[in-house]
Structures are given as structure tokens and as C-alpha cells.
Amino acid sequence: MSTTAAAAAALPSRKVPTTQIILGILLAFVAIIPFTIRLHPLSNEQPQYVVSTKPRQLLKPTVADPSSSSRQIQKEIESLEKDMATLEQQFTGLTNEMFELVQFHEVTNDEQSNNNNNENKRKTEFENTNTEPKTDRFAEFKEREPKKWWVRTDLFGSSSSSLNVTPSAVRKDLHEENDIGAIIPFGLSVNHLQLVGRAPGSPYTDLTVHEEFLPVVLQSDIAFRWRSRARPNSLAQDCVKTTAYQIIARRPYYSDNDDSVIIWDSGKVNVSDGLPDVVMYNESKMEVGSVIEWKVTVWDSSQPDGKPSSSAWSKFAVGPNQAEWHGQWISHPVDIESWDKTDASAFWPSTTMQGTPNQRRACRNWEKRSQLPLFRTKLPSLDIPEDDDIATALLVVSGLGSFRASLDGKQLSSSGPLDPPFTDFAQRVSYRGFDVTPYLSGDGANTEHVVGISMGSGWWDHRPIGGSFIRLQFLPKGAVTCVAQLYLTYKSGKTEVVIPTGDESSGWQVAKGHIRESSLFTGEYIDLRSKAEFDAWDTAENWNELHSDTSDSGSIHSWVMPQRYISDTTLETWRHHLHVKAKAATLNDRDGNNMPLHKLAPIGRLIPHESPPVLPMERVFPDEILDLGGGRWMIDFGKAFSGMLRFESGLPDPIVPVKGYPRGHEVSTLAKDDSFITVVYGERLELFTHDINLPLVAGMGLHDGGPRHRSHKTGDPEMKGGPCYPKDHIKAGSLLQRDVYILPKAGGMGSFSGARQSHFTTHAFRFAEICCSEEPPSDVTALAYRSSFEEWGDFSSSNVRINGGYELVKNAMNANLLGVQSDCPHREKIQYGGDIIADSPAAMHFYDMSAFYRKTVLDWADQQWDNGAYAGTSYWLMLNDQTGIGHGSGETVWASAPVVMTARHMQHYGDLAFLERVLDKHVKWLAFLQKHFDKGMLKKGYQEDLEGYWKSGSGLGDWLSFRLRDTWLTHEGFYMASARSVAYIAEKLGTKDKELSSALELSNLVKDRISGLYFKFNQGFAPPDSRGKFMSPAQEMGLFSRIVPGDRRCNTLRHYFTRIGHTWPGSAENSFVKHVDKETKESMKASGEITKRTPKMDAMGWSQWHGFNEGIFSVRYALKTLSETGFHNVALDKANGFGVGTWEYMLSHNATTHWESWWRSEDLYSHNHPMLGASAEWMVSAVAGLELEPTTTGGREVQFWPRFPNSAHTLEYAGATQGTRRGDFAIGWEFLDLPTDKTLFDSANVQIHIRAYVPPDGNAVLRLPEYRNGEGVDSILKKAVVLPDMDEARLLSDDECAIRRESKQHGFGYNWEFDQETMLWTKFNRTKSIGTPCRHFLFHSHLDNVEWDKPIAAPGTSENGVEVILTPGLYDVVVNDWQLTPEVKKSNQEWRISDRPEYYELEDLGPYCSDSDSFDWNISDASHLI
């Protein structure tokens, strides 16, 4: 039920029909989530209850005055009535079916008691009671007395730093003879930025410039960091920690023996705590514009004074701040002149096909400038004194929308599609720095050089269309523009700035190039004739003088003098318009109309790149090329990613298909004689036609969701898009991901063999269609782009489904990390706060996100309104504002992203300076919440004691759960999380006592309010109305986030196990059930995948305990809570499940990236969407057993806690590696002595073999294995005396795993395909690479000959759990007596959707829920903050 429906009920002049109320209740019973995806969230609104916030001493509760929005309500009522009329027809007779469902159970089941239990269970779920006090059904159970369970011990003695052993003579001689240190510094970074060499997927072969990305930092931000690894054959006792370091910075391109070029030498600095989090440079010897080479030497722990070891040289540059820029923004004259003042807000009003006069004018103006410009200048021979020479040359460049820089025809980087990355360009714009010293040194100083900058429109001057979900019209925009200058630093120390843009003497030229149109969302139109005519345009050999007459129509491709870009408005004015539009301010705050009137938006300050650029990180080769007939070719690349096709040998000549161009390949806007080839991209194939599925691009298309999760046409996209909707896309019915290669026929240069790739766009795809040619293109590959940070983590196990789930998440994450963390790489491309909160734990496992997530928080800091509110997206685009508490705030969960991510950043990367930089912003956000949250929740309609609250409310909440969403809990929970985060940050800074105490007090106040209401009627953490007890999230959030009081944790866990699943009414799943043959259906019934929805209706069922039903937050809470409270086997059951709501289901339908929803959608939800991907971090932390210790900072300490399945059928082994700021930690475990007869995998007595590795400067604790009830088992522990070559073992293991994957014999083994002739789904056995099991490198044969210290016995105990302190080294643990047991399975048909009485009826739930350390949130704990 929507807010509008509730508002209608509140109006005295209108009565809601009884049928609407009944139907609303029925929808809740069948557990249908709200009918629209996030594209149209209005229907997710909560009935307007009134919420009391007495714990916060709110004044008298009031109801919002409905008259202020009566007109809008009236319209929404009318729309609602139409929807309800449709639903009434659709659900006729469903009331009787639901009552039958409540009473029905398998009457043929021999176990009548099971039937009775399930009937009682169903009655409990659908019991229509209100808020009467009840007796706790589990009050009879006597839980364990609270006690601290885990006790640390130092078995290896004296911090494991010394072993009383003598290494083998050979190793000892080698170690002492070399006299080099045992610790190698690596992974050098400056301000969290690492030098990036050649990108793995780069198509460019020129190596004049040796790096793809040169970190550039301001003088004030020179912060040195590095990581540690052990030198092979070193004594473990020498690798414990760094005892001293020395940093040397110098000018590059000199010999190592030339001390004259050293700029800074820190000298030897002793450190007592090992590797420092950061070393700041606070001098001024490193001049702006200089390129710096640096290395670090560290001393190990060997006696007496440590031995040194040095890193390789790395490099960075010192860049200018805004005041130090000489260059100014320049544009093509046509681009400057083709703007009217009304263009800035032309599309703020809604659109029609014809558009308003302002919209039509804005469209005509854009069409004048849609062809993209090229900029260039010639650097003359340099007049260098005989006694001097160039030491370094640094070219700094930026461009809006996107740019690529070249020198003498050579690309300086393979970036470009999203360079600079998305920010609020009115506030800050990133620039790149390129070390071009090799071009200009030596003889190069006496040669003419040409600097080139090619441009794309990017986020800056995109096609102006309306109706797009992401509402591009609210972005600042202006003429495509660039800025650049070249720093020359001489050996004498002199620095010179040359060729700054905007200076006529610099000789810059501009011309319209070969890209007729470029769009981040739809693709490019590439003119191959112009491309040939502009060949080598950025070389001295093809330099032309300026074209004098810019009014000449033929001058569009001629080189002319650029014009200065000068905005005719201010940032203050522009931001005011956004404030008013977002309702973060009123017109009374400032005079004037809210519709911005200016030609060119303001451009923000120039800053160095804050995070690694978007680069081609993989070259992907085709799996298969299919002939579709008529000259159309489909290429399957085997997995989905973001990027574009690359044609190394060009395209074949086109043909005109006899039967006309197929859908998506029509091009109607070219000249009659132009020939063309189209490349259409898609992530999957259409179910019935097997053509490429056209996804929702920019939120424009056929679908907006509807009843029973079935998409439906939303009207003519051209009508919604307005006068500038691309005419070539109309027939397709949706915006296309498409590149068009064009060759005009009227003579001239160029051919299709000159086609290579699009440059300023990325497409999300697995499949690409090329049309139309007699033969497919030869030598075609794809470039997969993502932000070029380093990979830090990996995971694998023996379980194909779990491995497959891990790969689904990682592939989706790769596709969505393109300068920002987007939710979807084709539909939206922007960063949502909720998505980032949900899956950032997985991202920080996969990659080094230190620079990236710092930028993410700073993006929100720019967005923050003057009143302190954060939006739900990093740039406000009027998305889902109605789900927030008003005054410009985004939905509370989504808007809490910047403050929560700051705390997580500290835990992983330990950057105190970053905390200091953003704390005031977060305090302002918390003050906003204190002022507006309570009243905002009142206006959203939650009653004083939540009476009547039992279904999804006003908010996004646990998005895309199978269940109704408890949005009150998530609103309140993330209010608490914001307060906790501020307290955490203040505590880490150590000087913010006022902020610390007030934030901590507020967080406890909110927590107490939640627990007070959710335990009010003894329902085990649930809303007071019993009908709300099955919403999501529930107990799992309360337990994981330390909201549940300590004395109620075990009881709450029992209540959690009473949750059940249900059948699923989704249209795709219902269609599937109707289109399988009888034998297949009976087999699926027998397995429980298909069950009874009603006595007369079969349906697929979603499971609580054998699959996933949770939304984007509770999926993490569920898995982590189960594994942390001793029920890891149940978490494994969920992960290893089958049927709808599992990874098996996605994999069986050919998924290679994680879906947006747990259910199948052919045309509504994205199939490349990582927001449900927090599960990947759980695999590492629980399945393998490696995670950051909750209270650590800077990744200093990890917790090894391997947990095991009941049965080896589920898992035989698992392992993971996790990089941190210290180095790379690793763990692997395996069952030994497994019987050859796999029927005994449920009952055998086996050994567990564990290996763990702690890098130098790291620390760890190992939780020794024990059974769920806390009964310990005897363990034998050993530590390596001499460390083997861990890197070599890892490399060999990776190579062997790659061979296994390439064979495609070991991965996921089947998929469903729809036969168009029989109209039936059929399962085919087809093995794939995805999911391939690989053993962890710690068990590679390369490590078979490790020299171990004497073993140490650790007897098992039932008194407490044992945590063993581990310092750097390699450890081996063997558990000799581990009993395997069967996994719990029920025999009745509905076992998949039932509850777990075998757990909630246990006399003893084990020690973990009564562990006193888990009772309250620890202010240093960033893991359980929320």
C-alpha cells in the first residue's frame, strides 16, 4: 500500500473502497514486494501513521496537513484506483486460495506430526493479531549464563618473535652471506595512489611513456605509504616487524650512484610499532611541476640492529593547486556560441514528444555542437642554455566531458572513457599528469612536438533528453572544454610553464574531429572518412595553420583558434537553484526564480586525480561467433563486463540486408548514400528470439515494473524523452547501447578497415551483435575497463556453487567500478549510498579501495546541502527523495553512506588525516538528523508505538528482499549508525571529546528506542504488531549490529529460526513452471524446488534456510550472524541452495554477473548489479576464515576463524587471501583422510588441516576449531622456522588454476534453455569455467618442504574458546579427531520453505549468543557498526 493510499484514507471527503484494503492485505500475505523497482519508488510509500519519538523528548506529535498537497494526492488516488481495479481482477478468488494455503499441507505425508507443526507455523505467520502482550514462546528455555567466551593465549611465547631453533646450514649461510633484510617493502603509494604501469588490456604498444597512470599530488598532500612482504628463505623471527625506515626522493632518469639529484633523504627513522600508517613530507624542496622518483629502505627484526632491504623505485609528480594553474579552459567557438540562457534548465520541467520551446531550442543548439572537438598545439624547439638541461617534463591536462592526451601521435594513456571521473564538476574537476620527459630530453629538446587532446562529451554535454530516470538535466553542463599546461624542470632547479591553454601565444588550435556524437549511455557515431582525414593530426608532420573564416560552413573540420570558456553564473547561484529544487532551501532564502538561466555552468577547482583512472584491465577474447543470417554476427565473450569492442584489423565492408535491418540496427539519420555498420551490445539474450536483450539504458525504455514483478510498456520513450530523443533508437523501443561506424559515399578518404573502437563510452555486455557484413570481423577482441586499483583478495573452495556466487559478485563489481561505484553499468552509472554500504565489504576484500572510497566520501561532501543533509546519491539527481525525511535528505540508509564509509575506511586503511578532513561534514549531518529526523518520521506516518505497522513503509530499506521491508527499522538503524560512526571517528582522532560523547549518547538513545519497541510484546525482536514479524531485516540485523540487549540474544536467535519461506508469484517463475515437461516438474517437486502455492497451483518457492530471501543489507546480516553464532552450517545451506533465490538459480540461467534481484527477470531488473554482493565477504570471513579483526585500524590485525560444514559433501576445502595496508594475509583449510566412499562424507572421522600466513608487520589471532556447542578439540600447531617463497607458490597455484578454468571441465555443469519449437525449458549438461574449484596456494606442493618448529599441543576445552596470538610467519595446524555429521534435511516436499525447529527447540544454542563481548557495540568496532 502506498503513501498516497493512506493519505486518501485520511481525507474526510473520500473513503477507500473495502476491496482495496482487502487486496492490500492479500498482497502482504503472498509476500509480494512493492510493485516497482527503484525507477519508480513512489509506490513504496508507507501509510501515514504517526510515530512517537518520546525517548528523544519530541514535542507533541502532529499529523502533516494533507491540504498542502491535496492536488497531488488526488491525482495519485486516481492512479491508484486504476491499479487497484487491475489488481482486483488479477487476484479474484485469491482470498479463498490463501485460506486454503494456510490450512493446506501434504496430506499424503506419512509424518502427520510434521503436518501439524507446519500448519501451526503457517497460522503463526498469518495470524491477524494486533499489539496485545504475549507470552514468549521460548521463555521456558534456560539460556547459558553470559560470559566472555574467547580468551587469547600466546602459545608461541614472547609474541612469537623468537624461536629457539637453528635453521638449516644452507639457509643460514645464504641469509647471513647476503646480509640483506628479511622484509621487502612493496606496493608504494603516495596519498593512497600507486603508479600504474601498462594496463593489462591496453591495445597500445608504444612504450615511450612507461606508465598508464602517474600519481600527482599537491605539495601539502605528499604522504608516503608502502606494504611489507617476507623475503624467501628468511628466518621467521627476522620478519616480525619493521624496526626502521629511510625514504629517499630524487629526480628520475639518473644513475643510482648520482647523489646530486637527491631531493629529500629522511635518514634512518627508528619505529617501535613496525610499519607506520603514513610518513608525511612537510618540506618544500619538491617543486610544483616536478617528477619525483622515490624508494624506501626498511630494517627488519634481526639482531642486533636489523638488516636493510630496499623497494624498487616508484614515481609521482607534484601538481599545481587551483591558484598555480596558468592554463585556462578553452572550447571550440561553435560550442561556445551554441548555448542560450534557457538551456541550463530547459529539461527541468517534464517533457513531451514535441517539447517546450526551450527544450526544442536546447536540442537544436546541442545538435550544432554534437560533433566532438580535437585540440592541439605545437611545442617549438626549446632554447636550453648549454650549461643546463631538462630534468623532467610534466604535462597536466583535464577536459570536460572526457579527454585523452597524446604527444607526437602517441597516446599517453589508454584511459579516456571516463577521464576525469564523475564528480560535481561545478565544484571540483580532476586532472591527470603525464611524465613526458622521454620525449623532450636529449635530442628531443631540439625537435618540434605536438600535444593533442581529443574529447568526448561525458557527463558534461550529453544529449539533452527528458524522462530519463537518472535525470541528467540537473547536472552542470557547458561547452566541451579542456585545460592544459606543460612544466619543464631544469637540472639547475629552474621551473618553466609553457603552452598553457587560453594563452594565444601558446598556439592552441581546435577542430571538429571524427566522432559525430558520443554518449556515455548509448555509444558513439564514428565518421571513418574524417578519421582517415585526421590521421596523425597530433604530429608535427601534419600541422596546419589556422583556418581564418570560422563562419565558413566548410570549416567544421578546419583548425581554428579556440575561445575561452567563461561561465556566466556562479557556483553559489547554481547551487541555490539545486537547493530549492531539492527542498533543502526555499525561494525566500534568496531572491529570484529557481529556474537557472545561464549559458555555461561554473567549473570547479582543479585537483589532481583522487583515485586510479579507468583503464582496460583485461583483453577479452570471443568464446563463440555466431552467424545469425542476413549479415548479422553475434559474438559471445563468455562473461559480462564494461567496455567496448576492439577491431585490430578493422571491419569488413558492409552490406544492406535483403529483409531490412533487424531491431536495434536501424540507422535513419544518416545521409542517403552513407554506408554503416552497427555494433549493438547486451548483457543477455531475448528468451524467445535469442536476439540481444536491450537493457534499460539511462532508465529509458519499455519497463517500469508492475504487479507480480512483470514489466510492462511505459509509453513511447520518444514521448518521454522529448524533442532530442535519438531518432535512430525509436524503433527499438528503448535507448540502445550501440556504436555506429559510418563511411560517407561521396568519395574521399577512409574505409571500414580503419575502424578500431569507440573511446568515450563504455557498454555493459557479454554479447555483441555486428550488422551487417558478409563475413564477421577478424581479429576482434573486447576491452574490459574498470578503475585501475590493485586486486587484494581472492577466494576458492571445493564447492562449485559457492565459487560461482563469488565470481558473480566479482564480475559485477568489476563492471560497476568505473570512477564511481555504480549500481548498474548501463541503466544508471551513478553511485547510490545504499548500494555502497551494502557491498563495500566485498569491494574492500577484492581491491585496494583506499583512494577510491576516499573520493566517494568527498563526492558526498561536495553534495551536502547547507542544512547538513546528505542526498541518497553522491550528486543530487532528485532520486527517491520522497523516501527520505525531507529537507533535501536522501533515504536515511542511502544518505548515511559517507559517514559509515569513513569509519570503514579507517578500519581498512588507517588514514587519520582523512577523518580530520571530513568529521565536520559528518557532524553537520548528524545535527541535521537530530533536528529533522523525528518530525520527518512523523510526516512519513509511523504511529507512536508502531501500532498497525506490519508492512513495507516509506523508504527503500532492505531493497529487493522477497519479503516486505521493515523500513522503520532501517531508517532508525542507520540513524543509529550515523551517530555511531561520528563517535567512532571522534574517538580515533582522540581530540574530539565533545563530538564523541554527544554522538555516543545519541546512538545509544536510538538503539534503546529500537529495542524498546521491538521487544515490547515478547516477539523476539519484531514490530509490536505481530503481522510485521516476518519483514526484512529482522533478528539478523538486531543481532549483528549489537542492537539486541545481551540477555536477549539467545532468545532472539531462537525466534530467528522460526522464520519460513514462501512460494513466489513472479511472472518469470510462474511461466517457467508452466513450460517444463511433466517428468521435469515431478523431479523438481521431489527436490522441493517446486511446491504448492495453493492446493490447485504449483509454484517455485523461496527459502529462508536453503537459499536467499534477504535484501541488500540483510543478506550480509543473515550470513554473518549465522556463522558468528555457531550456525555456520545453516549459512552454508543458504549459500549452497538451489532454486529461485540462489546462486545456483542464476548460474543455471547462464548468469556471469550477479543479478539485481534473486528472481529471474528478462526485461525489468539488471543482470549486472552487485548490490546483493556482500555475500562475497562472508565467503572469505567465514567459509575460508579470514577477516579484519573488528577493532583494528589500518588493516593491522586479522582474525582467522575457519568454520566447517557438518558434512564434507558441502565443502572439502576452502581458502582465501586478503590484502591490507600491512601486506597479504592468507588462510587455507582442508579435510584430510576423507574416505573414498563419498556416502561416508556424513559420518567419517577426519583430520582438519589449516595453514595460515601473516605478513611482516601484521598481527593475527587464530580461533581454534570447536563444535557448535563450544566443545573444543585437540589441535597441534607449528610455525615455519624459515619462510618459503610464498609469491612463487601463489604464482604456480594461480597458473594451475587458470589451466583448470580454461579446460571448462570443472565448473558449474548445466543450464536451462528454452526450446522455441517445443515451448519447453530443458536442462542441458554444459560445464563452464565459472565456479571452478582450486585449492589454495598454501597447500601447493611448492610448500611441501617447509622447515617447521617443534609442534605445540593445544588441548580442547569446553570452558572457553581459544584465540591464539599469531605474529608474522607461516603456521600449520592439524585437528586429529573431527567428526563429520549429516546436514539436516527434511523429508516432506516443503522442506525448502519451512522453519528450523531442530534449532529453535535446542536446549543449548551454544556459547556464542551468550558471549558477553557481543552484548554491546564496542566504539572501536567498525565491523558491527551496522
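If you're wondering where the values come from, they're calculated on a predicted model, not measured in any experiment.

## Re the overall build of the protein chain
Then, number 1: Regarding its fold elements, the protein chain presents 30 helices and 50 strands.
Then, number 2: Carbon and sulfur atoms provide 48% of the accessible area of the protein chain, an area that totals close to 48,600 Å².

## Comments concerning helix H26 (residues 1128-1135)
Then, number 1: Summarising burial for H26: eight of the eight residues are buried, a large majority.
Then, number 2: By the burial criterion, the buried members of H26 are His1128, Asn1129, Val1130, Ala1131, Leu1132, Asp1133, Lys1134 and Ala1135.
Then, number 3: Lining the buried residues of H26 we find helix H13 (800-816), helix H25 (1114-1124), helix H27 (1143-1148), helix H28 (1175-1184) and helix H30 (1397-1400).

## As for the state of the cysteines
Then, number 1: Within the structure shown, the criterion is met by four disulfides.
Then, number 2: Bridging Cys1050 to Cys1409, the disulfide has an S-S length of 2.1 Å. Residues Cys1050 and Cys1409 are joined by a disulfide whose S-S torsion is about 95 degrees; by sign, that bridge is right-handed. Of this pair, Cys1050 sits in helix H22 (residues 1049-1056) while Cys1409 sits in the segment after H30, placing them 359 residues apart in sequence.

## Focus on the environment of Pro185
Then, number 1: Within the secondary structure, Pro185 sits in strand S2 (residues 183-190).
Then, number 2: When its relative accessible area of 4% is taken as the criterion, Pro185 is described as buried.
Then, number 3: A sequence separation of 1038 residues divides Pro185 from Gly1223, and the C-alpha atoms of the two residues are 9.3 Å apart.
Then, number 4: Non-local contacts of Pro185, meaning those with residues more than four positions away in its chain, are made with Trp226, Arg227, Val296, Val298, Ser309, Ser310 and Ser311.

## Here's the deal with the nonpolar core
Then, number 1: Ranked by size, the top nonpolar core spans 286 residues in total, and within it Phe224, Met286, Trp459, Leu645 and Phe1200 carry the most contacts.
Then, number 2: If you look at the next biggest cluster of nonpolar residues, it comprises 36 residues, including Ile453, Met455, Trp508 and Val510.

## Quick look at unusual backbone geometry
Then, number 1: A cis geometry characterises the amide bond from Gln303 onward to Pro304, with omega recorded as 5 degrees.
Then, number 2: Position of Pro304 among the secondary structure elements: in the loop between strand S10 (291-299) and strand S11 (308-310).
Then, number 3: Put simply, Leu400 and Gly401 share a cis peptide bond, and its omega is 0 degrees.
Then, number 4: Structurally, Gly401 can be placed in the loop between strand S15 (390-400) and strand S16 (402-407).
Then, number 5: A positive phi is found at Asp1257, a non-glycine position, where the angle reads about 75 degrees.

## Topic: the confidence of the model for the protein chain
Segments scoring low in pLDDT should not have their predicted coordinates read at a detailed level.
Then, number 1: For the protein chain, the average pLDDT comes to 87, and 86% of its residues sit at 70 or higher.
Then, number 2: Every residue in residues 159-177 is under pLDDT 50, and counting partners more than four places away or in other chains gives 37 contacts.
Then, number 3: Between residues 701-712, whose pLDDT stays under 50, and residues either more than four places distant or in other chains, the model counts 52 contacts.

## Looking at helix H20 (residues 993-1014)
Then, number 1: Counted at 1.5 Å a residue, the expected span for H20 with its 22 residues is 32 Å, and the 32 Å between its end C-alpha atoms agrees.
Then, number 2: Inspection of H20 places Leu996, Ala999, Leu1002, Ser1003, Val1006, Lys1007, Arg1009, Ile1010, Ser1011, Leu1013 and Tyr1014 among the buried residues, and these make up the whole buried set.
Then, number 3: The inward-facing, buried residues of H20 abut helix H18 (912-940) and helix H19 (967-989).

## Considerations on the packing of H25 against H26
Helix packing for two helices is described by the angle between their axes and how far apart those axes are.
Then, number 1: Where H25 meets H26, the axes come as close as 6 Å, and the angle between the chain directions of the two elements is 145 degrees. Seen from H25, the contacting residues are Ala1118, Leu1119, Leu1122 and Ser1123; seen from H26, they are His1128, Val1130, Ala1131 and Lys1134.
Then, number 2: Tallied by class, residues from the contact of H25 with H26 come to five nonpolar, two polar and one charged.

## Focus: the environment of Glu987
Then, number 1: Summarising the element assignment, Glu987 is placed in helix H19.
Then, number 2: With 13 residues separating them in the primary sequence, Glu987 and Leu1000 have C-alpha atoms 10.0 Å apart.
Then, number 3: The contact partners of Glu987, leaving out residues within four places of it in the chain, are Leu996, Ile1419 and Ser1420.
Then, number 4: Engagement of the side chain of Glu987 in a polar contact is seen with the side chain of Lys988, the distance being 3.4 Å.

## Quick word on the sheet that holds strand S1 (residues 150-153)
Then, number 1: Here we have five strands laid out as an open sheet, ordered S1-S49-S43-S39-S38, and mixed in their pairing. Since the sheet does not close on itself, it has two edges, and those belong to S1 and strand S38 (1186-1188), each with one partner. Within the sheet, the average angular offset between the axes of one strand and its neighbour, ignoring direction, is 30 degrees.
Then, number 2: Where strand S43 (residues 1259-1263) lies against strand S49 (residues 1361-1366), four bridges are found, and the strand directions are antiparallel. Note on S49: the bridge partner recorded for Leu1262 is Val1364.

## What to know about the packing of aromatic side chains
Then, number 1: Applying the stated criterion to the full structure yields 71 aromatic pairs.
Then, number 2: Taking the centre distance of 5.0 Å and the plane angle of 55 degrees together, the rings of Phe1108 and Trp1143 count as tilted. In this pair, Phe1108 sits in the loop between strand S37 (1097-1102) and H25 while Trp1143 sits in helix H27, placing the two residues 35 residues apart along the sequence.
Then, number 3: By relative accessible area, Trp1143 is classed as buried at 0%.
Then, number 4: Three or more aromatic residues link up through ring pairs in this structure, and these residues are Phe422, Phe425, Trp459, Trp460, Phe521, Tyr565 and Tyr875.
Then, number 5: In this arrangement the basic side chain of Arg376 is found over the ring face of Trp559, its NZ or CZ atom lying 3.8 Å from the centre.
Then, number 6: Sitting over the face of the ring of Phe1324, Arg1326 holds its NZ or CZ atom 4.8 Å from the ring centroid.

## Focus on the sheet that holds strand S42 (residues 1245-1254)
Then, number 1: Across the sheet, seven strands lie side by side as S34-S40-S41-S42-S50-S44-S48; this open sheet has antiparallel pairing. The two strands at the open ends of the sheet, each matched to only one other strand, are strand S34 (793-797) and strand S48 (1352-1354). Taking the axes of each pair of neighbouring strands and ignoring which way they run, one obtains an average angle of 15 degrees across the sheet.
Then, number 2: In this structure, strand S40 (residues 1213-1219) lies alongside strand S41 (residues 1224-1232), joined through seven bridges in antiparallel fashion. Counted as the bridge partner of Gly1215 is Gly1228 from S41.

## Some words on the pairing of S2
Then, number 1: Taking burial as the measure, the eight residues of S2 include eight buried ones, the bulk of the element.
Then, number 2: Where S2 lies against strand S4 (residues 223-230), six bridges are found, and the strand directions are antiparallel. Across the sheet, Val190 pairs through a bridge with Phe224, a residue of S4.

## Observations concerning the packing of H25 against H28
Then, number 1: Direction vectors running N to C along H25 and H28 enclose 15 degrees, while the axes themselves pass 9 Å from each other. In terms of their interaxial angle, H25 and H28 are classed as roughly parallel. In this structure, the crossing between H25 and H28 has a hand that is right-handed. Facing Arg1116, Leu1119, Lys1120 and Ser1123 of H25, the residues of H28 in contact are Ser1175, Glu1177, Trp1178, Ser1181 and Ala1182.

Cut-offs applied
- Residues numbered from 1 in each chain as written.
- Predicted model: local features only at pLDDT ≥ 70, side-chain atom pairs only at ≥ 80, totals over all residues.
- Heavy atoms only, no water.
- Helix = DSSP H or I, 4+ residues; strand = E, 2+ residues; numbered from the N terminus.
- Areas by Shrake-Rupley, 256 points an atom, 1.4 Å probe, with all protein chains shown as cover.
- Buried < 20%, exposed > 50% of the residue type's maximum accessible area, 1.4 Å probe, protein only.
- Contact = heavy atoms within 4.5 Å.
- Disulfide = S-S within 2.5 Å.
- Core = buried A, V, L, I, M, F, W, Y, C linked by side-chain atoms within 4.5 Å.
- pLDDT = per-residue confidence, 0-100.
- Expected span 1.5 Å × (residues − 1).
- Axes fitted to C-alpha atoms, helices over the stretch in contact; angles between N-to-C directions.
- Nonpolar A, V, L, I, M, F, W, Y, C, P; charged D, E, K, R; others polar.
- Polar contact = N/O pair within 3.5 Å; in protein donor to acceptor, adjacent residues only side chain to side chain.
- Pairing = 2+ DSSP bridges.
- Phe/Tyr/Trp six-rings, centres within 6.5 Å; stacked < 30°, edge-to-face > 60°.
- Lys NZ or Arg CZ within 6 Å of the ring centre and 35° of its normal.
- Parallel < 35°, antiparallel > 145°, perpendicular 65-115°, else oblique.
- Left-handed = near helix turned anticlockwise from the far one by under 90°.

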